[in-house]
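These are the residues of each chain, in order.
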Amino acid sequence: MAMFEQMRANVGKLLKGIDRYNPENLATLERYVETQAKENAYDLEANLAVLKLYQFNPAFFQTTVTAQILLKALTNLPHTDFTLCKCMIDQAHQEERPIRQILYLGDLLETCHFQAFWQALDENMDLLEGITGFEDSVRKFICHVVGITYQHIDRWLLAEMLGDLTDSQLKVWMSKYGWSADESGQIFICSQEESIKPKNIVEKIDFDSEWWPQASGCGTKEVPVDRNFRRYSLVQGQEICICQSPLTSLTGLPAEAE
Amino acid sequence: MITSPRLLMIPMLTQATMICTQETQSRIWLTNVSMNSRPISWTKLTERFFKNTPWPEAEAIAPQVGNDAVFLILYKELYYRHIYAKVSGGPSLEQRFESYYNYCNLFNYILNADGPAPLELPNQWLWDIIDEFIYQINKQNEQMHALLAIALTMYPMRIDESIHLQLQEKYGDKMLHMQKGDPQVYEELFSYSCPKFLSPVVPNYDNVHPNYHKEPFLQQLKVFSDEVQQQAQLSTIRSFLKLYTTMPVAKLAGFLDLTEQEFRIQLLVFKHKMKNLVWTSGVSALDGEFQSASEVDFYIDKDMIHIADTKVARRYGDFFIRQIHKFEEFNRTLKKMGQRP
């Protein structure tokens, strides 16, 4: 991580102001991408700056650097970095190898076709050359999606989604997330039923008990505003007068007669 | 603060009629008429004298109103609003700038006053000012509605009633098509509302093919269409989820005509796509945590799916307030009738 940390401050300065668009800085930024790949670090802003410079200076476009940027973006799922990168790579380049393959892998991950992803990756392992920790980053994403979806999941299904892990490998991931196995081969993720419950939204308007008229009639009594900032007050014992605050006029209720 | 429902008509206007001479429509004569005449409203005067042409410029009438700064600001608000709405050709670039500066002046006047500004304006006018401001400065109202239609189809949630009604009017039909998964409607609305995308480089003029100018747009359209495609099945799945509470996964898959494996995958996609980055704290607007605002949620437990829906009960407060207002108005009218000889 040493090189990355060293470069980060320097690159940060480059990215401020107009220097960001200076093609002479491209070499530094490209080296920075390489460093991120080697040291399993990540800097989205710098990588987007590289893609932008490629857009303005097509002669300097480098497929290998672009491929690395895309793969690094995948390691940051579920953030939408990958989509951001796609917006800055023109169609012609998107169809070149290996960018086309990487886009396909990205699509598989975004559509949660994890088993298919590992298979496709197997057939294209050379893509990953130099990207330290790529597979584990993808597994982190997969565990994130599993964590928000499942309460109990089949052991074999989880192992398959994570890339056909062996039992011992699976145990490592389970302990990372505090997931426990039971005897029936199910893995307990978390108690989803605590947080995912049907909701019923009901409007509640509280009336102060002093609001109701006494036998002898009463003057104006004001009650605290309800959640819609309307004040209800009582005038002359029987009539109900609604005092509207300006806020209600701006919430789109039909114009009341003034 | 701004509460009273009295019409703001500076005394001169309530007692006057604005008359246009035959020579120039921009000349105004203020004459005093009897105090018993009803105040003449802006809309009626516009109908009569300024149907498609601008009102006189503020500078022209300023002397008549004693150069009152606040009056002129409010006058200009109406003046520019009229130009945007009715004058053929719309506002010139300079008029757009002037209108914006006028809003700045108005808001500064209100915000800079010590204590509430000494101004009483009808609620309707206030609403119109804010509405017009957003319309003018965004100038892009229609595009915003189209984008909202897309967003709401892909991620249904409760929004402001009045906006929802407008959306239904304009795009109700298209939203139905999008829910069914029609990619063409998505592309149509995207094309309509997206900004003009430019190529970052000059083309090679010796070797330009016919559709070159469209490429930047097509590239962005493709990224959008890819995203739509990834979420293509979610609308249907959502509508099925709303129908049930607990069920075996395999059974619900059957209803949707999917294999159990493919259905589980789509459920993962649903969860993944419904979680978005929401700013909670931090200096950068790009920080935040992943949150779901989906009304329908679920979890899978072994081979069962448990669905949680959000139901909104009918709101009764608004209904009663509206009826109470109606009756109030009714009572007032009755009282007035009773007073006539």
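Please read these numbers as outputs of a predicted model, since none were measured by experiment.

1. Here's the deal with the overall build of chain A
Part 1: When helices and strands are counted, chain A shows 13 helices and six strands.
Part 2: Looking at chain A residue by residue over its 258 residues, the buried ones come to 47%.
Part 3: A sequence separation of at least 24 residues applies to 55% of the contacts in chain A between residues at least 6 apart.
Part 4: When the accessible area of chain A is evaluated, it comes to approximately 13,300 Å², of which 53% is carbon and sulfur surface.

2. Quick look at the UniProt feature "domain: PCI" (unreviewed entry) in chain B
Part 1: In the UniProt entry, the feature "domain: PCI" (unreviewed entry) is given for residues 92–314 of chain B.
Part 2: As annotated, residues 92–314 of chain B has a helix share of 57% and a strand share of 11%, and its two end C-alpha atoms lie 47 Å apart.

3. Regarding the interface of chain B and chain A
Where interface size is given, it is often the accessible area lost as the parts come together that is meant.
Part 1: In this complex, chain B contributes 54 residues to the contact, which on the side of chain A involves 61 residues.
Part 2: Between chain B and chain A lies a buried interface of about 5,200 Å² when both sides are counted; carbon and sulfur atoms form 60% of it.
Part 3: Interface area lost by chain B to chain A is led by Leu268, His272 and Tyr299 of chain B, which between them contribute 13%.
Part 4: Connecting chain B to chain A are 19 residue pairs in polar contact (both at pLDDT 80 or more).
Part 5: Looking at the side of chain B that touches chain A, the elements with two or more residues in it are α6 (123–138), α10 (215–230), α13 (260–274), β4 (275–278), β6 (297–301), β8 (310–312) and α14 (317–339) of chain B.
Part 6: The biggest single contributor to the side of chain B that touches chain A is α14 of chain B, with ten residues.
Part 7: Sheet analysis places strand β1 (residues 150–154) of chain A next to β6 of chain B, joined by two bridges and oriented parallel. Bridge pairing in β6 of chain B places His152 of chain A opposite Asp301 of chain B.

4. Brief notes about the UniProt feature "domain: PCI" (unreviewed entry) in chain A
Part 1: In this structure's numbering, the residues bearing the UniProt feature "domain: PCI" (unreviewed entry) are residues 42–204 of chain A.
Part 2: The straight-line gap between the two end C-alpha atoms of residues 42–204 of chain A is 49 Å; of that span, 58% is helix and 8% is strand.

5. A few points about the sheet that holds β6 of chain B
Part 1: One open sheet accounts for six strands, arranged β2(A)-β3(A)-β1(A)-β6(B)-β7(B)-β3(B); its pairing is mixed. Only two strands of the sheet have a single partner each, and these edge strands are β2 (180–181) of chain A together with β3 (246–248) of chain B.
Part 2: Pairing between β2 of chain A and strand β3 (residues 186–188) of chain A: two bridges, direction antiparallel. Considered in β3 of chain A, the bridge of Ser180 of chain A is made with Phe188 of chain A.
Part 3: In the packing of helix α9 (residues 134–149) of chain A onto the sheet, contacts are made with β1 of chain A together with β6 of chain B, and the angle to β1 of chain A comes to roughly 115°.
Part 4: Here α13 of chain B sits on the sheet and contacts β1 of chain A together with β6 and β7 (304–308) of chain B; the angle it forms with β6 of chain B, its principal contact strand, is near 135°.

6. A closer look at the state of the cysteines
Part 1: Applying the stated criterion across every chain yields a total of zero disulfides over all chains.
Part 2: Summary of cysteine pairing: Cys85 of chain A is not part of a disulfide, and the nearest cysteine sulfur, belonging to Cys87 of chain A, is at 9.1 Å.

7. Side note on empty space enclosed by the protein
Part 1: Inspection of the entire model under this criterion finds two cavities of 30 Å³ or more.
Part 2: In this model, the second largest cavity occupies a volume close to 30 Å³.
Part 3: Of all the secondary structure elements, the ones that give two or more residues to the lining of the second largest cavity are α5 (81–86) of chain A together with α10 of chain B.
Part 4: Considering each element in turn, the lining of the second largest cavity owes the most residues, four residues, to α10 of chain B.

8. Concerning the confidence of the model for chain B
Part 1: Averaged over all residues, the pLDDT of chain B equals 82, while 88% of them reach at least 70.
Part 2: Of the regions scoring below 50 in pLDDT, residues 1–38 of chain B engages in 69 contacts with residues more than four places distant in sequence or in other chains.

9. Some points on the packing of aromatic side chains
Residues and elements named next belong to chain B.
Part 1: Using the criterion set out here, one finds 22 aromatic pairs over all chains in the structure.
Part 2: Ring geometry for Phe107 and Phe133: centres 5.2 Å apart, planes at 85°, overall edge-to-face. With Phe107 in helix α5 (residues 93–112) and Phe133 in helix α6, the pair connects residues that are 26 residues apart, well separated along the chain.
Part 3: Exposure remark for Phe107: the relative accessible area of 23% places this residue in the partly exposed category.
Part 4: Between Phe190 and Phe224, the aromatic rings sit 4.5 Å apart at their centres with planes inclined by 10°, giving stacked as the arrangement. Of this pair, Phe190 sits in helix α9 (residues 183–193) while Phe224 is found in helix α10, placing the two residues 34 residues apart along the sequence.

10. Here's the deal with the pairing of β6 of chain B
Along any regular strand the residues' side chains alternate between the sheet's two faces.
Residue and element names in this part refer to chain B.
Part 1: For β6, the tally of buried residues reaches four of five residues, placing the bulk of the element in the interior.
Part 2: Alignment of β6 against β7, held across five bridges, turns out to be antiparallel. Note on β7: the bridge partner recorded for Ile300 is Ile305.
Part 3: Where β6 folds back onto β7 in an antiparallel hairpin, the turn is made up of two residues, including Lys302, whose phi is positive at roughly 55°.

Scoring rules and cut-offs
- Residues numbered from 1 in each chain as written.
- Chains lettered and ligands numbered in written order.
- Predicted model: local features only at pLDDT ≥ 70, side-chain atom pairs only at ≥ 80, totals over all residues.
- Heavy atoms only, no water.
- Helix = DSSP H or I, 4+ residues; strand = E, 2+ residues; numbered from the N terminus.
- Buried < 20%, exposed > 50% of the residue type's maximum accessible area, 1.4 Å probe, protein only.
- Contact = heavy atoms within 4.5 Å.
- Areas by Shrake-Rupley, 256 points an atom, 1.4 Å probe, with all protein chains shown as cover.
- UniProt positions renumbered as here; feature names shortened; annotations may be inferred.
- Buried area = accessible area lost by both parts, 1.4 Å probe.
- Polar contact = N/O pair within 3.5 Å; in protein donor to acceptor, adjacent residues only side chain to side chain.
- Pairing = 2+ DSSP bridges.
- Axes fitted to C-alpha atoms, helices over the stretch in contact; angles between N-to-C directions.
- Disulfide = S-S within 2.5 Å.
- 1 Å grid on protein atoms, 1.4 Å probe; cavity = no way out; pocket = protein on both sides within 12 Å on 5 of 7 lines; lining within 4 Å.
- Points joined across faces, edges and corners; volume = space filled by probe spheres on them.
- pLDDT = per-residue confidence, 0-100.
- Phe/Tyr/Trp six-rings, centres within 6.5 Å; stacked < 30°, edge-to-face > 60°.

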